[in-house]
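# Examination of the molecular architecture
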Amino acid sequence: MSRCPANTPGQVGLRLFSEGEDLMIVGDALILEKLHFVAPEVAYAMDGDAATTNATRKALLAEVEAKGLRIAATHFAFLCMGRVTRDGAAYRFDAA
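A brief structural summary. (Residues numbered from 1 in each chain as written. Predicted model: local features only at pLDDT ≥ 70, side-chain atom pairs only at ≥ 80, totals over all residues. Heavy atoms only, no water.)

### Here's the deal with the sheet that holds strand β1 (residues 2–3)
- Ordered in space as β1-β2-β3-β4-β5-β6, the six strands form an open sheet in which the pairing is mixed. Since the sheet does not close on itself, it has two edges, and those belong to β1 and β6 (90–95), each with one partner.
- Note: strand β5 (residues 81–87) against β6, six bridges, orientation antiparallel. Across the sheet, residue arginine 86 finds its bridge partner in β6, namely tyrosine 91. (Pairing = 2+ DSSP bridges. Helix = DSSP H or I, 4+ residues; strand = E, 2+ residues; numbered from the N terminus.)

Here it is in structure tokens:
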């Protein structure tokens, strides 16, 4: 478990390990799949503390991309599991 404060104070991310694979469940840190990979600094209406949530998003995206972790995003509309990769100055979500 890791601190992952987002629109809910006290939110955590959960990292699972199984047979050489890692998965990070990101909870409320990533809400809008069409926006938060391109502009993680954009606040969501339900963010209780936008500055904290934005810092969480940026750090989380950098971490999962650098470590090559798969993520499970509980608020995405469809295909909520995949990997995060760099796309210039932004990120991209590759569903898998």
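### Overview of the environment of isoleucine 71
- For isoleucine 71, the location among the structural elements is in strand β4 (residues 70–72).
- Taking the C-alpha atoms as reference points, isoleucine 71 and aspartate 94, 23 residues apart in sequence, are found 10.0 Å from one another.
- Excluding residues within four positions of it along the chain, isoleucine 71 makes contact with Leu23, Met24, Val26, Leu30, Phe37, Val64, Cys80, Met81, Gly82, Val84 and Phe93. (Contact = heavy atoms within 4.5 Å.)

### Observations concerning the nonpolar core
- In terms of nonpolar packing, the biggest core is built from 17 residues, with Leu30, Phe37, Leu60 and Ile71 touching the most fellow members.
- Of all elements in the fold, only α1 (50–67) and β6 reach the threshold of two or more residues within this core. (Core = buried A, V, L, I, M, F, W, Y, C linked by side-chain atoms within 4.5 Å. Buried < 20%, exposed > 50% of the residue type's maximum accessible area, 1.4 Å probe, protein only.)

### Concerning a nonpolar patch on the surface
- The grouping of Met1, Val12, Leu14 and Leu16 at the surface amounts to a nonpolar patch, some 380 Å² of accessible area in total.
- Structurally, leucine 16 is set in strand β2 (residues 12–18).
- A residue is classified by how much of its surface remains accessible, and leucine 16, at 38% relative accessible area, is partly exposed. (Patch = residues over 30% accessible without salt bridge, like charges linked within 9 Å, V, L, I, M, F, W, Y side chains within 5 Å. Areas by Shrake-Rupley, 256 points an atom, 1.4 Å probe, with all protein chains shown as cover. Salt bridge = Lys/Arg side-chain N within 4 Å of Asp/Glu carboxyl O.)

### Section: α1
- Between the first and last C-alpha of α1 there are 26 Å, a value that for 18 residues agrees with the 26 Å anticipated at 1.5 Å per step.
- Among the residues of α1, Thr53, Asn54, Thr56, Arg57, Leu60, Leu61 and Val64 are the ones counted as buried. Down the axis of α1, the buried side of the element spans an arc of 160°, and every buried residue falls inside it. Residues of α1 that are exposed and point more than 90 degrees away from the buried face comprise Ala51 and Ala66.
- Check the buried side of α1 and you find it contacts β3 (21–25), β4, β5 and β6.
- Following α1 by one or two positions, glycine 68 has its phi on the positive side, about 65°. (Expected span 1.5 Å × (residues − 1). Arc of directions from axis to C-beta.)

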